[in-house]
Amino acid sequence: MDQAVDKPARVAPAAPLTESEKNVIIAGILLSMLLAALDQTIVAPAMPTIGRSLGHADYLPWIVTGYLLTATAMAPLYGKISDVYGRRPTVYAAILIFLLGSLVSAMAPNMFVLVIGRAIQGAGGGGLFALAQIVIGDLVPPRERARYAAWISGTWAVASIAGPLLGGGFAEHLHWSLIFWINIPLGILAMAIINKPLHKLPVAAKRHRIDAPGALLLVVATALLLLALNWGGSAYPWASREIVGLLACSAVFWGAFALRLMRAAEPLISLEVLSNPIVLAGTASMFLLQAANIGLSVYLPVYLQSIIGLSVSQSGLAMLGLLLGTVAGATFSGRTIPRFFHYKRIAMVGVLFAIICLGVLSLVAGRASLLVVELLTICIGLGSGTTFPVATVSVQNAVDRAHLGVATGVLTFLRSLGSALGVAMLGAVALGYGLPLAGEGAPAAGQIVSATPFMMIFLAAAVTLVLALMTLALMPEKSLRGRDDAEAPVVLVE
């Protein structure tokens, strides 16, 4: 690394933040995160209406895919950018990019412009996901940080429940563009809430620079991989030249990105962070856990409709068990972590419990009552939810403040990538046993459907959690820093 990069800037202690100011910042950052989370769920119910209004309904999936591509690819970049330029300007930039995408989407005259607007939204939204955890990491020492993970889980829960309700209501009774217009006042409100206290948030005390070539390679490699995962088995067969070509090109760009990390003076993702065994194991466990959770949440409604016999709306309500169980598990874990020296065991016991419940669900899938399914899915959520605070706090506690943004960005990136992989993986299992993909709709009412595909889907999710448990077992534990031994916050002085 050259001397210009290593040369420290003059530093001064950051102005202390009061508890009320910390709570205001956290409330504002979670509000901005809520906007990004809502826009992953609010669009789906309105897609038929949007297709009729703008035409070119064959491009409707790109409304979701465009957002997913940019949100996932940009997450690790925001971590590095916030380490270089500070949290406040980076948070503001992410919100403004998200609002620009919302404006473009709301005013879109055709489907092409709407897809562009959604991609812009994702470029901002991906940053908001990562920055929420980074800012909380700045404000709270690791020993106390876990309890805030429940707030993040609660934000996702609200988005998962309110998104489909708002999207369907706006499209049916008002106008679909309100899905995007509503973001403008809420985004401005979030910026107003955090404006003053965010000035006091500490930033890194060294001069850094962004590795633009590395960032480009990462974005292209991620986009190609996500396209392959989204199109494989649905738009094209997995063995088709289109999917194989996308995967091969993605592998080439990932290889080029790895070479760039080894050769760059200041790589986009520090090799010190990537070689940290806690970061490696923590991010890998989150990747696997999210693959199982999101994949399960996609196919569980299909199971409830085709095997249990629920309607579309009833299956949506029945999903609350899994969702609320996850929030409850994260809340319990977050409150319990500070009381345990071996805090990793909380997540390991939770994941083991979820594996057992998934195994039972797989065995009884063909003859279980709704009550049994609800109880099992609540327990699955409770068990898997314990991992989110443990993994997040472990990764953030393993690095110093200068690398907090990068480490959290990598964690968010792999969590999003795991979601895409989980849907694709369980989709391949579903197709292998003759079940249509979720995007192709559930079987028609009255149609006799075998429970075997669902048994295998639940079993595949359980195997994925077994891998997550093994990864957690390999993760070293490091004593959590408290207020007394937390690093002293510093700020740049021009």
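Structure's up top.
Reading guide: rules and limits
Residues numbered from 1 in each chain as written. Predicted model: local features only at pLDDT ≥ 70, side-chain atom pairs only at ≥ 80, totals over all residues. Heavy atoms only, no water. Core = buried A, V, L, I, M, F, W, Y, C linked by side-chain atoms within 4.5 Å. Buried < 20%, exposed > 50% of the residue type's maximum accessible area, 1.4 Å probe, protein only. Contact = heavy atoms within 4.5 Å. Phe/Tyr/Trp six-rings, centres within 6.5 Å; stacked < 30°, edge-to-face > 60°. Helix = DSSP H or I, 4+ residues; strand = E, 2+ residues; numbered from the N terminus. Patch = residues over 30% accessible without salt bridge, like charges linked within 9 Å, V, L, I, M, F, W, Y side chains within 5 Å. Areas by Shrake-Rupley, 256 points an atom, 1.4 Å probe, with all protein chains shown as cover. Salt bridge = Lys/Arg side-chain N within 4 Å of Asp/Glu carboxyl O. Expected span 1.5 Å × (residues − 1). Bend = angle between axes of the 7 residues up to and from the residue. Polar contact = N/O pair within 3.5 Å; in protein donor to acceptor, adjacent residues only side chain to side chain.

### Focus: the nonpolar core
Right, so step 1: Formed by 82 residues in total, the largest nonpolar core has its most connected members in Y303, L304, L358, I457, F458 and L465.
Right, so step 2: The residues contacting L358, other than those within four sequence positions of it, are L296, I380, F458, A461, A462 and L465.
Right, so step 3: Counting 36 residues, the second-largest nonpolar core is a separate cluster that includes I29, M33, I95 and A130.

### Some thoughts on the packing of aromatic side chains
We describe a pair of aromatic rings using the distance from one ring centre to the other and the angle between the two ring planes.
Right, so step 1: Considering all chains together, one arrives at three aromatic pairs under this definition.
Right, so step 2: Aromatic side chains Y303 and F454 sit 5.3 Å apart centroid to centroid with 65 degrees between the ring planes, which places their arrangement in the edge-to-face category. Of this pair, Y303 sits in helix α14 (residues 277–308) while F454 is found in helix α21 (residues 452–474), placing the two residues 151 residues apart along the sequence.
Right, so step 3: Take Y303: its relative accessible area is 0%, and that puts it in the buried class.
Right, so step 4: Since its relative accessible area comes to 0%, F454 is described here as buried.
Right, so step 5: Look at Y303 and F458: their rings are 5.3 Å apart centre to centre, the planes differ by 80 degrees, and that puts the pair in the edge-to-face class. You can see Y303 sitting in helix α14 and its partner F458 sitting in helix α21, a full 155 residues away along the chain.
Right, so step 6: Here F458 falls in the buried class, since its relative accessible area comes to 0%.
Right, so step 7: Following the ring pairs from residue to residue traces out a cluster consisting of Y303, F454 and F458.

### Some details on a nonpolar patch on the surface
Right, so step 1: Among the surface-exposed residues, L459, V463, V466, L467 and M470 lie close enough to one another that they form a single nonpolar patch of about 410 Å² accessible area.
Right, so step 2: In this structure, L467 sits in helix α21.
Right, so step 3: Relative accessible area serves as the criterion here: at 41%, L467 is assigned to the partly exposed category.

### A look at helix α6 (residues 111–139)
Residues three or four positions apart in an α-helix share a direction because the helix packs 3.6 residues into each turn.
Right, so step 1: A rise of 1.5 Å per residue sets the reference length of α6, with its 29 residues, at 42 Å; its end C-alpha atoms lie 42 Å apart and thus fit the reference within 8%.
Right, so step 2: Of all the bends in α6, the greatest, near 30 degrees, is centred on L131.
Right, so step 3: Across the 29 residues of α6, 24 count as buried, placing the element largely inside the fold.
Right, so step 4: A distance of 3.2 Å separates the backbone nitrogen of F112 from a side-chain oxygen at the start of α6, and that oxygen is part of N110.

### Topic: the side chain of T471
Right, so step 1: Along the chain, T471 falls in helix α21.
Right, so step 2: With relative accessibility at 15%, the residue T471 sits in the buried group.
Right, so step 3: Filtering out sequence-adjacent residues up to four positions away, T471 remains in contact with A281, A284, S285 and L288.

Purely geometric numbers; function is a separate question.
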